[in-house]
Every structure is written in C-alpha cells, then in structure tokens.
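# Analysis of the macromolecular model
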Amino acid sequence: MFRRALGKTVGFVGYTIQYGCIAHCAFEYIGEFVSCTGPSMEPTITSNDIVFSERISRHLYRIEKGDIVIAKSPSDPKMNICKRVIGLEGDKVCTSSPSDVFTTHDYVPKGHVWLEGDNLRNSTDSRSYGPVPYALIRGRVCLKLWPLNNFGPLNESPNERIPRSS
C-alpha cells in the first residue's frame, strides 16, 4: 500500500514538473497574457485591458515602427512598460513633447528603439529616459483580449509621430 501511494505521488510530481516546464517554455518563447495599467497608451489600450504579447517577433528581430511592445522599464527593471515603437536604430525621431515651443530631433543609436505612449500628454517614455535597448523588449502586443467588446488586433497610432523611413 505504501509503495503504491509513493508511486502515485512520484508520478504526480513528475507530471507536474513536465507541465511546469512546458508552460515555462510557452510563456518564455511563445507569448504571455499581460494586464496593462496606466493612461499612457489611451485610447488604444486603457487601464486594466488584457492583451496577448507574442515573443517570436522579438527573437527574430521583426519589431517594426508602429508596433506596440512590452518592455522592461529602463528606470525600474522590476516594472514592465507598454509603449509604441516610434523609431528603430538609425531613424531620426522628434524628441520634444507636443507642448514644447521648439522641436528637437535626434537619431536612435544602434541596438536601440524609441518608444512612446499614444497618450503623449500623459506618458513617461523615451522622451523622458531616451532610447531603449532592444534587449529590454519582452514581446510585441498583437491582440487585445479584454474587454470582450474590444477583442481583436490593435489599431494604428492615433498620433502622427511615427516617422516615415529615412
């Protein structure tokens, strides 16, 4: 009887470890569900929306201008940020805020991207902390899951800040 119970316990632990490893690989290499908070991506993503962030594009270096990404915050590595890619390495980007009297421009350095929130007046983004290293990108948001009435692919930027290819 003891041997049978031990065998079942070991079998259960083995299956638990296997499924845990499969889940880890899925979330690490395929994608994850993310709950977004804060006003920086409004109106595209509002607080408490749930999105799916796929990671394959990041691994294949397929992140493009206009994509919405989840990245580690350059100012707080414990926090993730959700922003839109405005510029890739070598691109000339506007580094000033909409309320600035004079506009300033800069080039995105090699291995970096320029990220901004869609809500320009209420977003802490690359205009505050500069270009973000590509390695901090965790995934590309491809689908809004919640609320259900907004289910589907995400809209294009409501701003005209994404520059044409230089």
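If you're wondering where the values come from, they're calculated on a predicted model, not measured in any experiment. (Residues numbered from 1 in each chain as written. Predicted model: local features only at pLDDT ≥ 70, side-chain atom pairs only at ≥ 80, totals over all residues. Heavy atoms only, no water.)

## Description of the UniProt feature "active site" (unreviewed entry) in the protein chain
Let me state the cut-off plainly: UniProt positions are given in the numbering used here, feature names are shortened, and annotations may be inferred rather than shown by experiment. Contacts are assigned to residue pairs that have any heavy atoms within 4.5 Å of one another. N or O atoms within 3.5 Å of each other form a polar contact, as long as, within protein, one can give a hydrogen and the other can take it, and as long as residues adjacent in sequence are counted only when both atoms are side-chain atoms. Each helix is a run of H or I in the DSSP string that is no shorter than four residues. Each strand is a run of E no shorter than two, and both are numbered from the N terminus.
Mapped onto this structure's residue numbering, the UniProt feature "active site" (unreviewed entry) falls at Ser-40 and Lys-83. In sequence the annotated residues extend across 44 residues, while in space they remain close, none of their C-alpha pairs exceeding 7.8 Å. In contact with Ser-40, other than residues within four places in its own chain, are Cys-82, Lys-83, Gly-117, Asp-118, Asn-119, Asn-122 and Ser-123. A distance of 3.0 Å separates the side chain of Ser-40 from the side chain of Lys-83, its partner in a polar contact. As for its placement among the helices and strands, Lys-83 is situated in strand β4 (residues 80-88).

## Notes on the packing of aromatic side chains
Heads up, the condition is: The criterion for an aromatic pair is that two Phe, Tyr or Trp rings (for Trp, the six-membered ring) have centres within 6.5 Å, with stacked assigned to planes under 30 degrees apart, edge-to-face to planes over 60 apart and tilted to the rest. Three labels apply to residues, based on accessible area from a 1.4 Å probe with only protein chains included: buried if under 20% of the type maximum, exposed if over 50%, partly exposed otherwise in between.
Applying the stated rule across the entire model yields two aromatic pairs. Here the aromatic rings of Tyr-15 and Tyr-19 are separated by 6.3 Å at their centres, their planes lie at 20°, and the arrangement is stacked. Here Tyr-15 pairs with Tyr-19, and both are found in helix α1 (residues 2-30), just four residues apart, close to one helical turn. Taken as a pair, Tyr-15 and Tyr-19 share a single burial class, namely exposed.

## Here's the deal with the pairing of β4
Definition in use: The pairing criterion for strands is at least two bridges between them, as found by DSSP.
Of all nine residues in β4, seven are buried, a share of seventy percent or more. Inspection of the sheet shows strand β3 (residues 68-72) paired to β4 by five bridges, in the antiparallel sense. Across the sheet, the residue bridging to Ala-71 is Ile-81, located in β4.

## Quick look at the sheet that holds strand β1 (residues 31-36)
Sheet strands pair by backbone hydrogen bonding; their relative direction is either parallel or antiparallel. Threshold: Fitting a line to C-alpha atoms yields each axis, with helices limited to the stretch in contact; the angle taken between N-to-C directions then spans 0 to 180 degrees.
Taken in spatial order, the seven strands of this open sheet run β1-β2-β9-β3-β4-β7-β8, and their pairing is antiparallel. Edge positions in the sheet fall to β1 and β8 (132-133), since each has one partner strand and no second. For β1 and strand β2 (residues 49-54), the ladder comprises six bridges, and the chain directions are antiparallel. Along β2, the bridge assignment pairs Val-34 with Val-51. With respect to the sheet, α1 is in contact with β1 and β2, its orientation differing from that of β1 by roughly 70°.

## Observations regarding the pattern of salt bridges
Two side chains of opposite charge can pair, provided their charged atoms sit close to one another. Heads up, the rule is: By definition here, a salt bridge exists when the distance from a side-chain nitrogen of Lys or Arg to a carboxyl oxygen of Asp or Glu is within 4 Å.
Enumeration over the complete set of coordinates arrives at seven salt bridges. Put simply, Asp-49 and Lys-144 hold a salt bridge, and the shortest N to O gap is 3.2 Å. Here Asp-49 is found in strand β2, whereas its partner Lys-144 is found in strand β9 (residues 137-146), with 95 residues between them in sequence. Assessed through its relative accessible area of 6%, Lys-144 is described here as buried. Two residues, Arg-84 and Asp-118, come together in a salt bridge whose shortest N-O distance is 2.8 Å. One end of the pair, Arg-84, is in strand β4; the other, Asp-118, is in the loop between β7 (112-116) and α3 (126-129), with 34 residues separating them in the sequence. In terms of burial, Arg-84 and Asp-118 fall into one category: buried.

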